[in-house]
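In case you want the letters, here they are:
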Amino acid sequence: MEKLGLDYLDLYLIHWPNPKPLRENDKWKTRNAEVWRAMEDLYKEGKIRAIGVSNFLPHHLDALFETARVIPAVNQVRLAPGVYQEEVVTYCREKGILLEAWGPFGQGELFDKKEVQEIADKHGKSVAQIALAWSLAEEFLPLPKSVTASRIKSNLDCFGIELSKEEREVLKTISVISGAPRVDEMDF
Ligand SMILES: NC(=O)c1ccc[n+]([C@@H]2O[C@H](COP(=O)([O-])OP(=O)(O)OC[C@H]3O[C@@H](n4cnc5c(N)ncnc54)[C@H](OP(=O)(O)O)[C@@H]3O)[C@@H](O)[C@H]2O)c1
């Protein structure tokens, strides 16, 4: 916070539930419990307004809940048209954890998808705007990235787009190459 010149942080997350060095003997469970306790203290002191996690699947959240006193406000997971992590979505909805969708453009893959372009053309919108509208319709909080000023501006024009039930289903089930990460097997 000193480096950022801030008195408090809006949101602070645990980025990954079980980095490779912590997988042996499930060391990640104790580590997450300890880190979460420290984050809870900072939250209670008002130094962090909301605390959350990222890439946590139901079994990682179950482990966290063995000791957690504060429920994560957010779980930031990969969610996009074609990448719908049903189990984690259902779990987080039941617990009232906001799903923040990282990679909402399929990390760029969606821009080559004919089906998404067709829906975009029908609404007179861009593929990016349709992807964000889908995310909002699912009640995810999309976390899009662009380094291009004009794209950042036009991506903001994603509100008030009414997607039909059929269009939402097409987007949900579209076939993509890069799916959800295999969290427990990643090489880091
Ligand atoms: N928690 C995690 O483990 C995790 C993992 C990965 C990413 N993230 C976060 O999620 C955020 C987004 O993820 P991401 O960057 O991987 O994927 P993304 O937002 O799905 O896609 C980004 C790509 O889309 C392009 N793009 C954006 N708007 C566009 C438009 N209107 N037209 C055409 N292309 C457009 C960008 O190009 P330009 O930039 O060249 O415009 C970039 O190549 C990042 O900020 C990152 O911090 C979190």
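Calculation criteria
- Residues numbered from 1 in each chain as written.
- Predicted model: local features only at pLDDT ≥ 70, side-chain atom pairs only at ≥ 80, totals over all residues.
- Heavy atoms only, no water.
- Helix = DSSP H or I, 4+ residues; strand = E, 2+ residues; numbered from the N terminus.
- Rg over C-alpha atoms; globule rule 2.2 N^0.38 Å.
- Contact = heavy atoms within 4.5 Å.
- Areas by Shrake-Rupley, 256 points an atom, 1.4 Å probe, with all protein chains shown as cover.
- Lys, Arg positive; Asp, Glu negative; His and termini not counted.
- Charge placed at Lys NZ, Arg CZ, Asp CG, Glu CD.
- Near = heavy atom within 4 Å.
- Polar contact = N/O pair within 3.5 Å; in protein donor to acceptor, adjacent residues only side chain to side chain.
- Nonpolar A, V, L, I, M, F, W, Y, C, P; charged D, E, K, R; others polar.
- Axes fitted to C-alpha atoms, helices over the stretch in contact; angles between N-to-C directions.
- Parallel < 35°, antiparallel > 145°, perpendicular 65-115°, else oblique.
- UniProt positions renumbered as here; feature names shortened; annotations may be inferred.
- Phe/Tyr/Trp six-rings, centres within 6.5 Å; stacked < 30°, edge-to-face > 60°.
- Buried < 20%, exposed > 50% of the residue type's maximum accessible area, 1.4 Å probe, protein only.
- Lys NZ or Arg CZ within 6 Å of the ring centre and 35° of its normal.
- Core = buried A, V, L, I, M, F, W, Y, C linked by side-chain atoms within 4.5 Å.
- Salt bridge = Lys/Arg side-chain N within 4 Å of Asp/Glu carboxyl O.

Colleague: Any chance you could explain the overall build of the chain here in plain terms?
Modeller: Within the chain one finds 7 helices and 5 strands. For the chain, the α and β elements follow one another from N to C terminus as β-α-β-α-β-α-β-α-α-β-α-α. The C-alpha radius of gyration of the chain comes to 18 Å, within 12% of the 16 Å expected for a compact globule of 188 residues. Principal axes of the C-alpha set define a box for the chain whose edges measure 50 × 40 × 30 Å. Put simply, 68% of the contacts in the chain that link residues at least 6 apart link residues at least 24 apart. Accessible area for the chain stands at about 10900 Å²; split by element, carbon and sulfur atoms hold 51% of it. Within the chain, one finds 25 positive and 30 negative side-chain charges whose respective centroids are separated by 3 Å.

Colleague: In this structure, what is going on with the site of the ligand? I would like to understand it.
Modeller: As a matter of local geometry, the ligand sits amid 21 residues, with Gln76, Phe105, Gln107, Ser146 and Thr148 nearest to it. Here an oxygen atom of the ligand and a backbone polar atom of glycine 103 are 3.4 Å apart. One nitrogen or oxygen atom from the side chain of serine 146 is found 2.6 Å from an oxygen atom belonging to the ligand. Considered on its own, the ligand offers 910 Å² of accessible surface; in the complex 74% of this is hidden by protein. Across the shell around the ligand, the residue classes break down as 8 nonpolar, 11 polar and 2 charged.

Colleague: Is there a simple way to explain the packing of helix α5 (residues 127–137) against helix α7 (residues 165–173) in this structure?
Modeller: Packing of α5 against α7 brings their axes to within 11 Å, and their N-to-C directions diverge by 100°. With respect to each other, α5 and α7 are oriented roughly perpendicular. Listed contacts from α7 to Ile130, Trp134 and Ala137 of α5 are Arg168, Leu171 and Lys172. A breakdown of the residues in the contact of α5 with α7 according to their chemical character gives 4 nonpolar, no polar and 2 charged.

Colleague: I keep staring at the UniProt feature "domain: NADP-dependent oxidoreductase" (unreviewed entry) in the chain and nothing clicks. Help me out?
Modeller: Mapped onto the present numbering, the UniProt feature "domain: NADP-dependent oxidoreductase" (unreviewed entry) falls on residues 2–171. Its end C-alpha atoms 43 Å apart, residues 2–171 is made of 42% helix and 15% strand.

Colleague: Even after reading the chapter, I still don't get the packing of aromatic side chains, so can you show me in this structure?
Modeller: We describe a pair of aromatic rings using the distance from one ring centre to the other and the angle between the two ring planes. Applying the stated criterion across every chain, the model contains 5 aromatic pairs. Both rings, one in tryptophan 16 and one in phenylalanine 188, keep their centres 4.8 Å apart while their planes meet at 65°; by these two values the pair is edge-to-face. With tryptophan 16 in the loop between β1 (9–14) and α1 (27–44) and phenylalanine 188 in the segment after α7, this residue pair connects regions lying 172 residues apart in the sequence. We classify phenylalanine 188 as partly exposed; its relative accessible area is 44%. Relative to phenylalanine 140, the ring of tyrosine 84 has its centre 6.0 Å away and its plane inclined at 45°; by these criteria the two rings are tilted. In this pair, tyrosine 84 is assigned in the loop between β3 (74–78) and α3 (86–95) and phenylalanine 140 in the loop between α5 and β5 (141–143), connecting sequence segments 56 residues apart. Each member of the pair tyrosine 84 and phenylalanine 140 is classed as buried. The cationic tip of arginine 49 hangs over the ring face of tyrosine 8; the distance from NZ or CZ to the ring centre is 3.7 Å. Over the ring of tyrosine 84 we find lysine 172, and its NZ or CZ is 4.4 Å from the ring centre.

Colleague: Is there a simple way to explain the nonpolar core in this structure?
Modeller: Soluble globular proteins tend to bury their nonpolar side chains together. Counting residues in hydrophobic clusters, the biggest one holds 39 residues, and the most contacted among them are Ile130, Phe140 and Leu163. Sorting the residues of this core by element identifies β1, α1, β2 (48–54), α2 (58–65), α3, β4 (98–102), α4 (114–123) and α5 as the ones contributing at least two each. The greatest single-element share of this core, amounting to 7 residues, is contributed by α5. Those residues in contact with phenylalanine 140, other than ones at most four positions away along the chain, are Leu79, Tyr84, Val89, Arg93, Leu99, Ala101, Trp134 and Ser135.

Colleague: Help me understand the pattern of salt bridges in this model?
Modeller: Two side chains bearing opposite charge may form a pair once their charged atoms approach each other closely. Under the defined criterion, the tally for this structure stands at 11 salt bridges. Note that aspartate 41 and arginine 69 form a salt bridge whose closest N and O atoms lie 3.6 Å from each other. Placement of the pair is aspartate 41 in helix α1 and arginine 69 in the loop between α2 and β3, with a sequence separation of 28 residues. Relative accessible area serves as the criterion here: at 36%, aspartate 41 is assigned to the partly exposed category. Look at arginine 69 and you get partly exposed, because its relative accessible area is 49%. Salt-bridge contacts for glutamate 167 lead to lysine 122; the nearest nitrogen and oxygen are separated by 3.0 Å. Taken as a pair, glutamate 167 in helix α7 and lysine 122 in helix α4 lie far apart in primary sequence, 45 residues in all. Residue class for glutamate 167 comes out buried when judged on its relative accessible area of 7%. The network of salt bridges with common partners includes Glu40, Asp41 and Arg69.

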